[in-house]
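Structural characterization, general
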Amino acid sequence: MDYRSSGVDIEAGYRSVELMKEHVKKTMRPEVLGGLGGFSGAFSMERFKDMEKPTLVSGTDGVGTKLKVAFVMDRHDTVGIDCVAMCVNDIACAGGEPLFFLDYIACGKNYPEKIAEIVKGVADGCLQSDASLIGGETAEMPGFYPVDEYDLAGFAVGVVDEKDIITGKELEDGDVLIGIASSGIHSNGFSLVRKVFEMTPENLNRYDEKLGKTLGEALLAPTKIYVHALKSVKAAGVRVRGCSHITGGGFYENVPRMLREGTRAVIRKDSYEVPYLFRLLQETGSIEEQMMYNTYNMGIGMVLAVRPEDAAKTIAAIEEVGEKAYEIGKIVSGDKGIDLV
């Protein structure tokens, strides 16, 4: 009797590490100390000592049941981007700069090439957010997960000068809301997606002319990472007064999180075009409109509040880094909450 006979292949684990090294290496920032393979990852904070009050900000999340779509399509090179995005977008939302990321993969059976594909996606997400992938864990758990399935989660740490933290406390009546376009459904609400669309290779690989791709490709589109967009806005001299990452809970849950007491967000639904994928989902599943806005990002992945005089400059700064932005509403006085009109 040995460990392999119980379902855990140590040699496969070694091969996974070797295959992922080339992807991890690309993410290394100068502040990373040591290499891959240690018991912990080290990151120097020397560069940030000139901040008045350097403050660490963190985020942790997983990909959720979007992974089920990846399993059916047997495509694993993009879900890592989702994992990174869900963490670093929360850090950017607070005004922070992501520094490093760690991932956790739990699987029923370690297929080294598949694990390397997943980690490649994680590394791509780190490159998009200027964060280093300084560590992680791959746990082979036979009997706990099916042999062809896995779970993926991660953790990110960033830094911000305390005076630059975006808290919403500066919000005022008349501030303008800027929405940054999403890349699709991102990584939330997939339990409902899987109820609406038949999760078979035949259905997911069906080409849809209005989508311009297969349904599966549209569903697997990785979560947009907004780190560079927020950096560009800051570099343009704009002070973001409030910021919301539109994740699970959609507009109704997430926008109020950026508000202070006595302020209310008013968002115009006709201020941008809702992408066809959301309309397809709503019509196919006979989902009420309010439920759609209470579950999905509806084409807007991040909402920023800025002074009216900074609105045009903010949109220009976002579009300068290749993202699409819209003026979608405003802040008014009232009970803390949101109105979609």
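The shown structure was predicted, so the numbers you read here are calculated from the model rather than taken from an experiment.

1. Let's talk about unusual backbone geometry
Of note, the phi angle at His-186 is positive, near 60 degrees, even though the residue is not glycine. Backbone geometry places Met-298, a non-glycine residue, at a positive phi of 55 degrees. For Met-298, the position within the fold is in the loop between α11 (289-293) and β12 (300-306).

2. Things to note about the side chain of Glu-97
Note that Glu-97 resides in strand β4 (residues 97-107). Reaching out from Glu-97, the side chain makes a polar contact with the side chain of Arg-29 at a distance of 3.2 Å. Beyond its immediate sequence surroundings of up to four residues, Glu-97 is in contact with Arg-29, Arg-47, Phe-48, Ile-91, Gly-158, Val-159 and Lys-231.

3. Focus: the pattern of salt bridges
Opposite charge on two side chains lets them pair, provided their charged atoms get close. Going through the model one piece at a time under the given rule, you end up with 23 salt bridges. Salt-bridge contacts for Lys-21 lead to Glu-18; the nearest nitrogen and oxygen are separated by 3.2 Å. One end of the pair, Lys-21, and the other, Glu-18, are both in helix α1 (residues 10-25), 3 residues apart, so they sit about a helical turn from each other. A relative accessible area of 35% means that Lys-21 is categorised as partly exposed.

4. Considerations on the environment of Gly-38
Relative to the helices and strands, Gly-38 resides in the loop between β1 (32-33) and β2 (42-43). A sequence separation of 226 residues divides Gly-38 from Arg-264, and the C-alpha atoms of the two residues are 48 Å apart.

5. Brief notes about the state of the cysteines
Taken as a whole and assessed by the stated rule, the structure comprises 0 disulfides. Cysteine Cys-126 remains unbridged, with the sulfur of Cys-83 as its closest cysteine sulfur at 9.1 Å. In this structure Cys-126 comes out as buried when scored by relative accessible area, which is 0%. Between Cys-243, a cysteine without a disulfide, and Cys-93, which holds the nearest cysteine sulfur, the sulfur-to-sulfur distance is 3.5 Å. The class for Cys-243 is buried, based on a relative accessible area of 9%.

6. Observations concerning the side chain of His-23
For His-23, the position within the fold is in helix α1. A relative accessible area of 11% places His-23 in the buried class.

7. Observations concerning the pairing of strand β5 (residues 132-140)
Sheet analysis places β4 next to β5, joined by 8 bridges and oriented parallel. Bridging across to β5, Ala-106 finds its partner in Ala-139. Between the parallel pair β4 and β5, the chain is carried across by helix α4 (residues 112-129), and the sense of this crossover is right-handed.

Rules behind the numbers
- Residues numbered from 1 in each chain as written.
- Predicted model: local features only at pLDDT ≥ 70, side-chain atom pairs only at ≥ 80, totals over all residues.
- Heavy atoms only, no water.
- Helix = DSSP H or I, 4+ residues; strand = E, 2+ residues; numbered from the N terminus.
- Polar contact = N/O pair within 3.5 Å; in protein donor to acceptor, adjacent residues only side chain to side chain.
- Contact = heavy atoms within 4.5 Å.
- Salt bridge = Lys/Arg side-chain N within 4 Å of Asp/Glu carboxyl O.
- Buried < 20%, exposed > 50% of the residue type's maximum accessible area, 1.4 Å probe, protein only.
- Disulfide = S-S within 2.5 Å.
- Pairing = 2+ DSSP bridges.
- Right-handed = clockwise from strand over helix to strand, strands pointing away.

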